[in-house]
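Residue-level structure breakdown
Take a look at the letters that make up each chain.
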Amino acid sequence: MPERPRGRGPLIAVLATLAVLLAGGSVAWYLLGRDDTSPAAGPALPGTDAVPEDTEDASTAATPTAAAPESSADPRFAKVGQCVRNDGPAGGKPKLLIAPCAPKTYEVLRRFDGQTSGEKDAEAKCAKVEGYTNWYFFDSQLDTLDFVLCLKLR
């Protein structure tokens, strides 16, 4: 019996399957590799765009050599009486870190845990706190993780 010529159908099906798998894997790699640990926060300074930066601390800070687990310097763990500094870019989204109290740091005067709706809510909560100069909020999809910090510039 003569051999029947094969078509390219099976080869095309295998290549199409591989292309779909590679595209899906790339999307999964991108989504899983994103850094979602930064808080979705409003400005730390109502009425201004930037938090003063302490350039002396920035030039002497050591660069970590390995990725560390969630640090206790994360503002989610800030307590009343502790201080935080803004390591975010001037005019950009604030990135607070717990730091030793010093000039140009912010002392936590009051902490409100629980649901927050954003800037207006943070400002309203901190308006009741005597001596506050700035506020910071974290608003996540899980309301039990939300918080507002009422801060005083030192």
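Bear in mind the structure is a predicted one, so any value in this text is a computation, not a measurement.

**Describing helix H3 (residues 119–127)**
Because an α-helix packs 3.6 residues into every turn, residues spaced three or four apart end up facing the same way. Along H3, the residues classified as buried are Asp121, Ala122, Lys125 and Cys126. Seen along its axis, H3 keeps its buried residues to an arc of 125 degrees; they face one direction. Along H3, exposed side chains directed more than 90 degrees from the buried face belong to Lys120 and Ala127. Among the structural elements, strand E3 (106–113), strand E4 (134–138) and strand E5 (147–153) are those in contact with the buried residues of H3.

**A short note on the packing of aromatic side chains**
Evaluation of the coordinates by the stated rule reveals three aromatic pairs. Each ring, one from Phe138 and one from Phe147, has its centre 5.6 Å from the other, and the planes form 15 degrees; the classification is stacked. The pair Phe138 / Phe147 is uniform in exposure class, with both members buried. An aromatic cluster is defined as three or more aromatic residues linked by ring pairs; in this entry it consists of Tyr136, Phe138 and Phe147. Taking the ring centre of Phe147 as reference, the NZ or CZ of Arg111 above it sits at 4.5 Å.

Rules and cut-offs
Residues numbered from 1 in each chain as written. Predicted model: local features only at pLDDT ≥ 70, side-chain atom pairs only at ≥ 80, totals over all residues. Heavy atoms only, no water. Buried < 20%, exposed > 50% of the residue type's maximum accessible area, 1.4 Å probe, protein only. Helix = DSSP H or I, 4+ residues; strand = E, 2+ residues; numbered from the N terminus. Arc of directions from axis to C-beta. Contact = heavy atoms within 4.5 Å. Phe/Tyr/Trp six-rings, centres within 6.5 Å; stacked < 30°, edge-to-face > 60°. Lys NZ or Arg CZ within 6 Å of the ring centre and 35° of its normal.

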